[in-house]
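A look at the structure
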Amino acid sequence: MRKKTFAAAALLAAATLTLSACGSGDDATSPVTVVSGDTTNKAATVLDQPFEKPDLVLTDTLGKKYDLRAETKGRPTLIYFGYTHCPDVCPLTMSNIAVAKKALSKADQAKLRVVFVTTDPARDTPSELGKWLKGIDPQFIGLTGDFATIQAGARTLGISIEPTHKDKKTGKTVSVHGTQVMAFSPKTDGGYVLYGENATVDDYTKDLPKIIKGENP
Amino acid sequence: MIPGRRLTLAGAALGSVVVLAGCGGSGASGAELSVGASYMPQPVSADMAAGFLTITNKGGTKDELTSVTSDSAGEITMHETTGGAMEEVNSFDVPAHGQLVFKSGGNHLMFEKLKRRPKQGDTITLKLKFAESGPLTVEMPVKSATYNPSTGH
């Protein structure tokens, strides 16, 4: 019995040593634990100080000039910065909004502007963007253009993006997407509600009717 | 067999050898791997898709996921996401008595050049290869584009 206990204790010690010795394995999983926290109650963050809509003049999916402020003036507008070579969060975010949008009345759907601004303009040409968005919601607006212009526009909303680059170690392409969707009021044209990437279809379904009216969700 | 191994381990624990063995990946006791919670959100096109799953290791030795392949896709790579940046990695540790989790917003499998666009209801067959354990086959269901595993819809 005593021997057994000792053996078990030694096993435990060995396991502990193994775990601490291989700390990198722990690091890989620990951020996931944080993400799993229930945040459904605070999908929307209503901002005390709304953001001004960025003064972006870019190119739409038809290759035409698109002046964001002029085109979306007085419209409830959602803006997201992402890229199409993104398998996970970018299509999920846009699909969540697309599904929630379908629950709106036809009239409200016609009012809403959903704008996807690429963070990877070198690969996301107007036609690439158009093809991708068509698979999600053909009414969504896709914008591309000069990266520095896009980055500066994102920065005015507190969204930080970097140019697509090659990783020094692996030589693989690394792109960056924003982690937030910002909603702009049709009444003030100010960016007044922020959604993190944990926002679900249900969150958007619940909130969009209010955003269409410029009300707080 | 088992008591014998315990004794060996008990002896080894007294020395520093165990630390080296713990990371060397050559431990004889072995990892015990199983896969759960796998799904693929229906992708926008056949160009690119994401896949998620959890690998649980009940064994006392860590293992390493070294490759993922499927007849349905030309290429499958493993990625980690940190603060919106996605980076390819060549392998992921499966810690002893722990889990390797691929989930939306975190680590993910990236499928490229799929034979056709996977649709909700389809199943993608994957083969996972490890540094130590034998390969595992996973039948990954294709869920809706907005599937959320915590709510199940």
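Residues numbered from 1 in each chain as written. Chains lettered and ligands numbered in written order. Predicted model: local features only at pLDDT ≥ 70, side-chain atom pairs only at ≥ 80, totals over all residues. Heavy atoms only, no water.

1. So, helix H4 (residues 89-102) of chain A
Residues and elements named next belong to chain A.
- Here H4 spans 20 Å end to end across 14 residues, near enough to the 20 Å set by a 1.5 Å rise per residue.
- Within H4, twelve of the 14 residues are buried, which leaves the element mostly enclosed by the surrounding structure.
- Contacts made by the buried residues of H4 are with strand S4 (77-82), helix H5 (106-111), strand S5 (113-118), helix H6 (126-134), strand S9 (181-184) and helix H8 (201-213). (Helix = DSSP H or I, 4+ residues; strand = E, 2+ residues; numbered from the N terminus. Expected span 1.5 Å × (residues − 1). Buried < 20%, exposed > 50% of the residue type's maximum accessible area, 1.4 Å probe, protein only. Contact = heavy atoms within 4.5 Å.)

2. A look at the nonpolar core
- Among the nonpolar cores identified, the biggest contains 34 residues, and A:Leu78, A:Met94, A:Phe116, A:Trp132, A:Phe140, A:Tyr195 and A:Tyr204 are the most heavily contacted of them.
- Those elements that provide at least two residues to this core are S4, H4, S5, H6, S9, strand S10 (191-195) and H8 of chain A.
- When residues in this core are grouped by element, the largest group, six residues, is from H4(A).
- Ignoring any residue separated from it by four or fewer positions in sequence, one finds A:Met94 in contact with A:Tyr80, A:Val114, A:Phe116, A:Trp132, A:Ile136 and A:Phe140.
- In terms of nonpolar packing, the next biggest core, distinct from the first, is built from 26 residues, B:Ala49, B:Met78, B:Phe92 and B:Leu126 among them. (Core = buried A, V, L, I, M, F, W, Y, C linked by side-chain atoms within 4.5 Å.)

3. Focus: the confidence of the model for chain B
All names here are of chain B.
- Residues with a pLDDT of 70 or more make up 80% of chain B, whose mean pLDDT is 84.
- Long-range and interchain partners of residues 1-28, a stretch whose pLDDT sits below 50, account for 25 contacts in this model, where long-range means more than four residues apart.
- Across the interfaces of the predicted complex, the ipTM metric reaches 0.71, alongside a pTM of 0.76. (pLDDT = per-residue confidence, 0-100.)

4. Things to note about the sheet that holds S9(A)
Residues and elements named next belong to chain A.
- One open sheet holds the six strands; their spatial order is S1-S10-S9-S4-S5-S6, and the pairing between them is mixed. Here the strands that pair on one side only, and so sit at the sheet edges, are strand S1 (44-51) and strand S6 (141-143). Each strand of the sheet is rotated relative to its neighbour by a mean of 25°, with strand direction disregarded.
- The sheet contact formed by S1 and S10 spans four bridges and is antiparallel. (Pairing = 2+ DSSP bridges. Axes fitted to C-alpha atoms, helices over the stretch in contact; angles between N-to-C directions.)

5. Examining the confidence of the model for chain A
- Considering every residue of chain A, the mean pLDDT works out to 83; 81% of them sit at 70 or more.
- Across residues 1-40 of chain A, confidence stays below pLDDT 50; counting only partners more than four residues off in sequence or on other chains, it has 35 contacts.

6. Looking at unusual backbone geometry
- Unlike most non-glycine residues, A:Asp189 shows phi in positive territory, near 60°.
- Counting through the fold element by element, A:Asp189 comes out in the loop between S9 and S10.
- Relative accessible area serves as the criterion here: at 18%, A:Asp189 is assigned to the buried category.
- At B:Ala37, a position not held by glycine, the phi torsion is positive, near 55°.
- Within the secondary structure, B:Ala37 is located in strand S1 (residues 33-41).

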